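One-letter residues, chain by chain:
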Amino acid sequence: MLGNRLRLPLVGLFAVILMTLGGLAPHAAAAPAAEEADPVRVMPLGDSITGSPGCWRAVLWNRLRDAGYTDVDFVGTLGPQGCGQAYDGDNEGHGGELVTNTAAQNLLPARLAATRPDIVVMHFGTNDVWSNIAPDRILAAYTKLVEQMRASNPDMRVLVAQIIPMYPSTCTECARRAVELNARIPAWAQATTTSRSPVTVVDQWTGFSTATDTYDGVHPNAAGDAKIAARWYPALAALLDAGVPEEPGEPEEPGGPGPSCSATYRVVSSWQGGQQGEVTVTNTSPAPIAGWAVSGAPSGGARITQVWNGSLTTAADGTFKVTDMAWNGTPAPGASVTFGLIAATTGASGTPPVTLTCSARAAS
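The model shown is predicted, which means the values in this text are computed figures rather than measured ones. Each chain carries its own residue numbering, running from 1 in the written order of its sequence. Given that the model is predicted, a residue must reach a pLDDT of at least 70 before its local features are reported, and side-chain atom pairs must reach 80 or more before they are shown or counted; all residues, however, enter totals for whole chains, interfaces and linings. In computing side-chain values, all of the structure's heavy atoms are included and hydrogens and water are not.

Colleague: Mind laying out the pairing of strand E5 (residues 157-162), listing which residues take part and the relevant values?
Modeller: Among the six residues of E5, six are classified as buried, and the element is accordingly described as predominantly covered. The buried label goes to any residue with under 20% of its type's maximum accessible area, the exposed label to any with over 50%, and the partly exposed label to all in between, with areas taken from a 1.4 Å probe on protein chains only. Helix and strand assignments follow DSSP, with helices taken as H or I runs no shorter than four residues and strands as E runs no shorter than two, numbered in order from the N terminus. Burial of the side chains of E5 extends over both faces: Arg157, Leu159 and Ala161 are buried on one face and Val158, Val160 and Gln162 on the other. At least two bridges found by DSSP between two strands is the condition for calling them paired. In the sheet, strand E4 (residues 119-123) pairs with E5 via four bridges, with the strands oriented parallel. Following the sheet pairing, Val121 is matched in E5 by Leu159. Looking at chain direction, E5 and strand E6 (residues 199-203) are connected through five bridges and run parallel. Bridge assignment links Val158 to a residue of E6, and that residue is Val199. In terms of handedness, the path from E5 via helix H8 (residues 174-192) over to E6 forms a crossover that is right-handed. Orient the strands so they point away from the viewer, and a crossover whose first-strand-to-second-strand path over the helix runs clockwise is right-handed.

Colleague: Any chance you could break down the sheet that holds strand E11 (residues 311-314) for me, citing the residues and the numbers?
Modeller: With antiparallel pairing, the four strands of this open sheet are ordered in space as E11-E12-E9-E14. Strands at the two margins of the open sheet, each flanked by one partner only, are E11 and strand E14 (354-362). Mean inter-strand twist for the sheet, computed between neighbouring axes without regard to direction, equals 20°. Sheet topology note: the E11/strand E12 (residues 320-323) ladder contains four bridges and is antiparallel. What sits directly across from Ser311, in E12, is Thr323. Structural elements are reduced to axes, namely lines fitted to C-alpha atoms, with helices fitted over the stretch in contact, and the angle between N-to-C directions of any two is expressed from 0 to 180 degrees.

Colleague: Lay out the state of the cysteines in plain terms, naming residues and giving numbers.
Modeller: We call a pair of cysteine sulfur atoms a disulfide when they lie within 2.5 Å. Under the definition given, this model contains three disulfides. For Cys55, the disulfide goes to Cys83, at an S-S distance of 2.0 Å. The chirality of the disulfide connecting Cys55 with Cys83 is left-handed, given an S-S dihedral of about -90°. Remark: Cys83 occurs in the loop between strand E2 (72-74) and strand E3 (92-93) and Cys55 occurs in the loop between helix H2 (48-51) and helix H3 (56-66); sequence separation between them is 28 residues. Taking relative accessible area as the criterion, Cys55 reaches 13% and is therefore assigned buried. The exposure class assigned to Cys83 is buried, which follows from its relative accessible area of 19%.

Take a look at the structure:
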């Protein structure tokens with residue numbers, strides 16, 4: 001799931017057993033022990049939403065562990081601040097920091113050099129919105145940070161949040177400004193992503209309430225931490241399932257980029273409290289794939305209740321994964337397959353109830 005581990009060769013295993021039993025001659029040399037592959041290094045990057053204390057990281061870490069993603073290392077030059085549960089608390093969530101200042105002062109390269117992440121999970125810009133920094137400047141800072149990430153690791157995977165809502169008593173305009181920034185992020189990501197270093201947008205805004213999910217109109221409480229973790233999880237799990245190159249910076253193998261796919265949602269019909277949808281999965285890589293997985297995060301309390309032409313697994317918070325049925329798992333390059341679903345919804349009947357990410361397996 002997270003890259004192949006190196007296994008002890010059989011000959012070496014027998015050598016260790018014989019040595020333990022005293023069966024090897026004194027002059028016989030034991031086979032060297034094989035080393036395990038390094039864990040996938042994930043950097044949570046941002047401001048106080050991420051790091052002060054940023055307990056969504058604890059929720060996300062433990063959910064990953066419970067789901068079997070045990071070979072993951074959260075990294076950062078800052079440590080945990082206590083969240084009432086054991087977790088890997090390393091992070092780059094610098095309270096009060098503006099993303100525009102981080103870019104202008106070139107603060108990120110040293111942090112990257114110290115931690116060497118494979119994946120960056122970025123929720124950044126809250127303080128810039130509060131300071132009335134224009135979206136153009138914020139997005140330019142995003143671009144510079146991504147360039148610095150790729151200079152550190154050409155195969156960097158980047159998850160970028162549409163930031164959670166803001167409605168502090170001292171900044172009544174912050175709510176509107178956050179909406180304006182979030183509206184610009186998907187187009188920025190589409191222009192910035194590459195096949196080798198994809199940039200994926202994660203919607204942290206939809207369904208998040210400053211009244212019930214924050215303690216001050218800005219910073220998440222326990223309910224907000226759970227929602228933030230639930231939105232990060234399927235996008236991060238999709239990257240972990242797809243695998244991270246073991247040697248960052250190596251040139252791509254002949255034949256171009258690795259396996260990839262996209263997933264788009266279409267409302268087929270809707271009614272009060274529910275809708276039927278269709279998801280189109282497209283092979284966006286230049287070669288055949290051996291299977292696909294679509295992960296989704298619910299919006300506005302939606303729940304997926306039924307799927308056909310796919311295999312569905314769901315979690316208690318509503319996040320889900322749909323995998324192929326073998327017979328529809330190998331679309332040719334540029335070709336598409338579809339699966340259908342029924343969703344129980346609470347929002348507008350014509351609004352897609354989920355955000356989707358897609359991962360593909362390479363054909364052998």
